[in-house]
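Coordinate inspection notes
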Amino acid sequence: VVSTQSTGQTFQHYFKQINLRTMLRRISSPAVSIGRAAVSTSAVPRTKYGGKTTVTLIPGDGVGPELAESVTTIFKEMAVPVEFEKIELNREQMKDEGSFDYAIKSLKRNGVGLKGVINRSADFRHHNLEFRGGLDVYANVVRCMSFEGIQTHHTGIDLIAIRENTEGEYSSLEHESVSGVVESLKIITQEKSMRIAKFAFDYAREHNRKKVTCIHKANIMKLSDGLFKACCKEVSEDYPMIEYEEQIVDNTCQQLVINPQQFDVMVMPNLYGNLVSNLAAGLVGGAGVVPSKSYGENIAVFEPGARHTWMEMKGMYVANPAAMVLSSAFMLKHLQLHEAGDLLIKAVNNVLNKRSCLTIDLGGNASTHDMTKAILSEVDLLA
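Quick look at the structure, then. Just so we're clear, the structure is a prediction, and the values are computed from it rather than from any experiment.

1. Thoughts on the overall build of the protein chain
Summing up its helical and strand segments, the protein chain has 12 helices and 13 strands in all. For the protein chain, the proportion of its 383 residues judged to be buried stands at 53%. Intrachain contacts of the protein chain at a sequence separation of at least 6 include 76% that bridge at least 24 residues. Counting only carbon and sulfur atoms, one obtains 52% of the accessible surface of the protein chain, whose full area is about 17700 Å².

Given below as structure tokens:
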């Protein structure tokens, strides 16, 4: 039996003595080798037939099918050379392991996917997490930017939230050790922290961003977040042209509300990324206008940045399609279809800024179909 007092003293001594930078240097060879190709955000997909690129489409739950319909309608009218392999996979169908496995195989085969949000099932399985783990799409990139036509407290916001997508508190490792006592494990590894840090700095360099901010809680979680912070600091030394800073996550939330324009690229563990990206989405107009993309070594998945299914509005066609359409536009750019992607981004921006056709989340009364038609009208005007 070990006394609680002696154990506590032992841990306190360990916390004082540990040097995270020394711990990283002990590894004689890098835990993960990440070249430019591994973190490229513009990889060419693998599946292409008859001049068209095949993309996996998973509409998901809630209003997801309606948003996916908006995208397919726009692509058809624009004659975009993309063929969708549509997979109906939602909360209920996820119970069938065969359906999930088929979706994973499709995404791996095609290399690119457009996905809605899938609700958590009654047995508490979080299927969006299963997708990220099964595909190892480790880097989630959410862009939050102001639109002139959307009235918000702040203007001039243009920030990138980069979130480690596969570990942290979202490792799904928890159990009830005894009745009424639940233990949840937070997993932070040097390998994945180095990987996401390098991704963030490569992303900043490739997109002409000037600053990367590491978001952490290392003042309390000295080992886990301390390791993440040390990895970001170490990687930053290879990018002298990019300013590097660190912020504690609770201060970050306050600073986002007070002065969000100070942020450029932000990199953080999984849970903080969820909180920060949703907060930032609220600053620029809400879930309906924020796109995102997730990258793995040889795969990219595009989906709305704030993951809400809006189940209560399912089938009513009142959801804002802008986030899903913007996600699909960034997908086109990833497929090297830059002209079509840029055209679609400009069309969505014009619809939002003109304020003539807005859905209820933005103070209007337009339907999903109305906004889709408005986007296509802008495409015609811009083409």
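Don't stop here, the text continues.
2. Topic: unusual backbone geometry
Backbone geometry places Tyr317, a non-glycine residue, at a positive phi of 55°. You can see Tyr317 is positioned in the loop between β13 (300-304) and α10 (322-334). Despite not being glycine, Arg355 has its phi angle at roughly 60°, a positive value. Its location among the elements puts Arg355 in the loop between α11 (338-354) and α12 (368-382).

3. Here we look at the nonpolar core
Formed by 92 residues in total, the largest nonpolar core has its most connected members in Phe75, Ile162 and Leu344. With residues near it in sequence (within four places) discarded, Phe75 still touches Val80, Val82, Phe84, Ser328, Met331, Leu332 and Leu344.

4. Observations concerning the pattern of salt bridges
In the structure shown here, the tally under the stated rule is 18 salt bridges. One salt bridge in this structure joins Glu169 and Lys186, with 3.2 Å as the shortest N-O distance. A residue pair is termed long-range when its members are at least 10 positions apart, and Glu169 in the loop between β6 (158-164) and β7 (174-178) and Lys186 in the loop between β8 (181-184) and α6 (190-206) qualify at 17 residues. Of the charged contacts, one joins Asp342 and Lys333 as a salt bridge, the two residues approaching to 2.7 Å between their closest N and O atoms. Using a relative accessible area of 23% as the deciding quantity, one classes Lys333 as partly exposed.

5. What to know about the packing of α10 against α11
Two numbers describe how α10 lies on α11: the axes approach to 7 Å, and their chain directions differ by 160°. Relative to α11, α10 is oriented roughly antiparallel. The two elements α10 and α11 cross, and the hand of that crossing is left-handed. On the side of α10, the interface is formed by Ala322, Val325, Leu326, Ser328, Ala329, Phe330, Leu332 and Lys333, while α11 contributes His338, Ala340, Gly341, Asp342, Leu344, Ile345 and Val348. For the contact of α10 with α11, the class distribution of residues is 10 nonpolar, 3 polar and 2 charged.

6. Overview of the packing of aromatic side chains
Applying the stated criterion to the full structure yields 7 aromatic pairs. Note on Tyr138 and Phe199: the rings are 6.1 Å apart at their centroids and 85° apart in plane angle, and the pair reads as edge-to-face. Highlighted residues: Tyr138 in the loop between α5 (127-135) and β5 (139-145) and Phe199 in helix α6, separated in sequence by 61 residues. According to the relative accessible area criterion, Tyr138 is buried, its value standing at 0%. Centroid distance Phe199 to Tyr295: 5.8 Å. Interplanar angle 35°. Geometry classified as tilted. On the criterion of sequence distance, the pair formed by Phe199 in helix α6 and Tyr295 in strand β12 (residues 291-295) is long-range, its members being 96 residues apart. There is no split in this pair, since Phe199 and Tyr295 are both buried. These aromatic residues form a ring-pair network of at least three members: Tyr138, Phe199, Tyr203, Tyr295 and Phe302. In this structure, Arg195 is placed above the aromatic ring of Tyr138, and the distance from its NZ or CZ to the ring centre is 3.9 Å. Positioned above the aromatic ring of Phe330 is the side chain of Lys293, whose terminal nitrogen or guanidinium carbon lies 4.6 Å from the ring centre.

The rules we used
- Residues numbered from 1 in each chain as written.
- Predicted model: local features only at pLDDT ≥ 70, side-chain atom pairs only at ≥ 80, totals over all residues.
- Heavy atoms only, no water.
- Helix = DSSP H or I, 4+ residues; strand = E, 2+ residues; numbered from the N terminus.
- Buried < 20%, exposed > 50% of the residue type's maximum accessible area, 1.4 Å probe, protein only.
- Contact = heavy atoms within 4.5 Å.
- Areas by Shrake-Rupley, 256 points an atom, 1.4 Å probe, with all protein chains shown as cover.
- Core = buried A, V, L, I, M, F, W, Y, C linked by side-chain atoms within 4.5 Å.
- Salt bridge = Lys/Arg side-chain N within 4 Å of Asp/Glu carboxyl O.
- Axes fitted to C-alpha atoms, helices over the stretch in contact; angles between N-to-C directions.
- Parallel < 35°, antiparallel > 145°, perpendicular 65-115°, else oblique.
- Left-handed = near helix turned anticlockwise from the far one by under 90°.
- Nonpolar A, V, L, I, M, F, W, Y, C, P; charged D, E, K, R; others polar.
- Phe/Tyr/Trp six-rings, centres within 6.5 Å; stacked < 30°, edge-to-face > 60°.
- Lys NZ or Arg CZ within 6 Å of the ring centre and 35° of its normal.

Taken by themselves, the reported measurements are silent on function.
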